[in-house]
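Reading the structure
Chain by chain, the residues:
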Amino acid sequence: MTRRIGISTGGGDCPALNAAIRAVVLRAHALGIEVVGIEDGLSGLLAGTGAGTRTLAPADVEDLVGEGGTILGTTNRGNPLAFSGPDGAVVDRGDEVVAAARGLGLEGIVLAGGDGTQAIGLALMARGLPVVGLPKTIDNDLAHTHTTFGFATAVAVATEALDRLRTTAESHARIMVLEVMGRSAGWIALEAGIAGGAHAILIPEIPYDPVVVAEAVGRRGGRRSFSLVVVAEGAHPPGEAPPRHVWPGGRGRAALGGAGMRCAALLAEHLPDREIRVTVLGHVQRGGTPTAFDRLLATRLGAEAAQAAHEGDWGTLMSWDPPVVRRIPLDPSIRTPRRVDPDSQLVRHAESLGICLGRPPAPTPASMPE
Ligand code: F6P
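Figured I'd write up the structure that's included with this text. In this text the structure is predicted, and so the values were computed from the model without any measurement.

**A closer look at the packing of aromatic side chains**
Taken as a whole, this structure holds zero aromatic pairs when the rule is applied. The ring of Phe83 has Arg93 lying over it, and the distance from NZ or CZ to the ring centre is 5.0 Å. Lying over the aromatic face of Phe226, Arg220 brings its terminal NZ or CZ to 5.1 Å of the ring centre.

The structure is reproduced here in structure tokens:
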């Protein structure tokens, strides 16, 4: 009898999802296992959603290693356990997913996703659908893995944006605010900010004091009085929620957006004579060609996921623990995002170089925390 597994990509997309799909298919095929691609998250297993399933042969995936997006499509609105029907009613269709997977003869499903998708996988596992998790998200906020694929590309894109903003900022002696993604974790802002030579980096984990930020950027005088401020979309001053924005369409759902503009407005109160401009990088960070690191990481995680499925090692997350991929049990702690530790060495290194993190810097210790 043909052995068969499914693969699905859930939540917001990110660079290198296709590299992961490719690796799962190539490795599974080598092990004599057929792979069925499930479209639009798990919606392809739900009749009436317009999505479906299709067998993926090596020829379908072999050229995908550097392609952005996901050939399977994805959605962050397709949770089968709380599925929104066209009439707006929310229904639990988890059992339908499990039955459809069984009907296709799938031994289990490889689920590429962030915390939301992995939590769905855990719930489906409890209902009898074996899953293996692949950690992806540009936010890098998934627990139990050093890095998620997609993150390195987002950092590279945001760093390039800072390089470009730097030259025009300097020409006009302006303060340039760059809003980047990062809902509850400031990894993109922090790493791109350091790599791009930002003067202030504001992250959700450290509520920022506008007076401290204004002083830090206002203090830069003379020819080099320009400043670069990176703001994660989830960053906010104490006591304020991060701003949300209602995009056109999509039944008027609000999403994070506006943290950069809010920061600029607060800075302007303290620096009324300075010109401030805001750039929102948005989905540019999620699209396009993955970096070599992301391709490599996604490929290794995908190969290991196929191997785990072959061995029947279900209920595991493929975790990047440099220099190896480990299989760790998928458990409820996966729901808690991995956030930046405000006292970490990474943050202290930034502050030790004079980068403002929105708080009065602690005196640099003689030795850094590890
Ligand atoms: O979780 C990844 C992410 O890119 C977040 O950084 C961001 O808040 C969110 O997705 C945006 O989602 P959407 O594409 O639905 O606007």
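**With respect to the pairing of strand 1 (residues 3-9)**
Taken across its seven residues, strand 1 has five buried, putting it largely inside the fold. Relative to strand 2 (residues 33-38), strand 1 runs parallel, the two being bridged by six bridges. What sits directly across from Arg3, in strand 2, is Ile33. You can see the chain leave strand 1, run along helix 1 (residues 17-30) and come back into strand 2, and the turn it takes is right-handed.

**Thoughts on helix 3 (residues 94-103)**
Regarding helix 3, the residues found buried are Gly94, Val97, Val98 and Ala101. An end-on view of helix 3 places all buried positions within 95 degrees of arc, on one side of the element. Among the exposed residues of helix 3, those oriented more than 90 degrees off its buried face are Asp95 and Gly103. Those residues of helix 3 that are buried lie in contact with strand 6 (109-113) and helix 4 (115-126). The positive-phi residue at the C-terminal boundary of helix 3 is Gly105, with phi of around 75 degrees.

Definitions and limits used
Think of each chain on its own: its residues are numbered from 1, step by step along the sequence as written. Residue-level local features of this predicted model are given only where pLDDT is at least 70; pairs of side-chain atoms are given and counted only at 80 or more, and the full residue set underlies all totals for whole chains, interfaces and linings. The side-chain figures draw on all heavy atoms in the structure; neither hydrogens nor water molecules are used. What counts as a ring pair is set by centres within 6.5 Å for rings of Phe, Tyr and Trp (its six-membered ring), and what kind of pair is set by the plane angle: stacked under 30 degrees, edge-to-face over 60, tilted for all other angles. The criterion for a charge sitting over a ring is simple: Lys NZ or Arg CZ within 6 Å of the ring centre, and within 35 degrees of the ring normal. When a residue's accessible area, from a 1.4 Å probe over protein chains only, is under 20% of the maximum for its type it is buried; when over 50% it is exposed; and in between it is partly exposed. Secondary structure elements follow DSSP: runs of H or I no shorter than four residues count as helices, runs of E no shorter than two count as strands, and numbering proceeds from the N terminus. Criterion used throughout: strands pair if DSSP finds at least two bridges between them. Handedness of a crossover: with both strands directed away from the viewer, a clockwise path from the first strand across the helix to the second marks it as right-handed. The arc refers to the directions leading from the helix axis to the C-beta atoms. Working rule for contacts: check all heavy atoms of both residues, and any pair within 4.5 Å makes them a contact.

On their own, these measurements won't tell you what the molecule is for.
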